Amino acid sequence: MTGTIRTRFAPSPTGALHVGNVRTAVFNWLFARHSGGAFVLRLEDTDTERNVEGAETALMEDLRWLGLQWDEGPDVGGTYGPYRQSERLERYRGVAVRGVEEGWAYPCFCSDEELAADEVRLESGQRFTRYGGRCRDLPRDEAGERMGRGEAHSVRF
């Protein structure tokens, strides 16, 4: 393996740091320090409905209290920024558009109701949604027309 080890911790600012977050952060920080690599803090802040005001600051303060200083992150910068996912959306959109144009991704126009119909209940009682593939084989011209009209869609691989 060549190159520098880079580990990341990517919490969502939707609430307080919890023991599972701490475990992940500590292991990633230890591995980065052990290998002479970089520990990166990247905030997964794209779930705007669930983001909690002040949670980002609290997460960083808690990590510092634990003695976990990051080498790259929203407040220290770095070569591979930005370090808030919401600040990377244009980059992701560009890749999604390219994927649709090149044919290795496709637009999905399924409604929430159609996706809910794909919901599966496991024996444990847990639920998850499995995409049924409705839009996978839409003709490209039809998909292009729908996107051109501004119809809401996601991009799937």
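Refer to the structure above for everything that follows.
Residues numbered from 1 in each chain as written. Predicted model: local features only at pLDDT ≥ 70, side-chain atom pairs only at ≥ 80, totals over all residues. Heavy atoms only, no water.

Asker: Which parts of the structure should I look at to understand unusual backbone geometry?
Answerer: Residues other than glycine predominantly adopt negative phi, and peptide bonds predominantly adopt the trans conformation. For the bond from Gly81 to Pro82, the omega torsion is 5°, close enough to zero to count as cis. Mapped onto the secondary structure, Pro82 falls in the loop between helix 2 (55–65) and helix 3 (89–102). (Helix = DSSP H or I, 4+ residues; strand = E, 2+ residues; numbered from the N terminus.)

Asker: Hey, could you run me through the packing of aromatic side chains in this one?
Answerer: Two aromatic rings, taken as a pair, are described by how far apart their centres are and by the angle between their planes. One pass over the structure, following the stated rule, counts one aromatic pair. The ring of Phe109 has Arg146 sitting right over it, with the charged end atom 4.1 Å from the ring centre. (Phe/Tyr/Trp six-rings, centres within 6.5 Å; stacked < 30°, edge-to-face > 60°. Lys NZ or Arg CZ within 6 Å of the ring centre and 35° of its normal.)

Asker: What am I meant to see in the pattern of salt bridges here?
Answerer: Here the structure, examined in full by the defined rule, presents twelve salt bridges. Note that Arg6 and Glu72 form a salt bridge whose closest N and O atoms lie 2.4 Å from each other. Note that Arg6 is positioned in strand 1 (residues 6–9) and Glu72 in the loop between helix 2 and helix 3, a separation of 66 residues in sequence. Residue class for Glu72 comes out buried when judged on its relative accessible area of 8%. Note that Glu142 and Arg146 form a salt bridge whose closest N and O atoms lie 3.7 Å from each other. Within this pair, Glu142 and its partner Arg146 are both found in helix 5 (residues 140–148), separated by four residues, close to a single helical turn. Beyond isolated ion pairs, a larger network of salt bridges with shared partners links Glu142, Arg146, Arg149 and Glu151. (Salt bridge = Lys/Arg side-chain N within 4 Å of Asp/Glu carboxyl O. Buried < 20%, exposed > 50% of the residue type's maximum accessible area, 1.4 Å probe, protein only.)

By themselves these figures say nothing about function.
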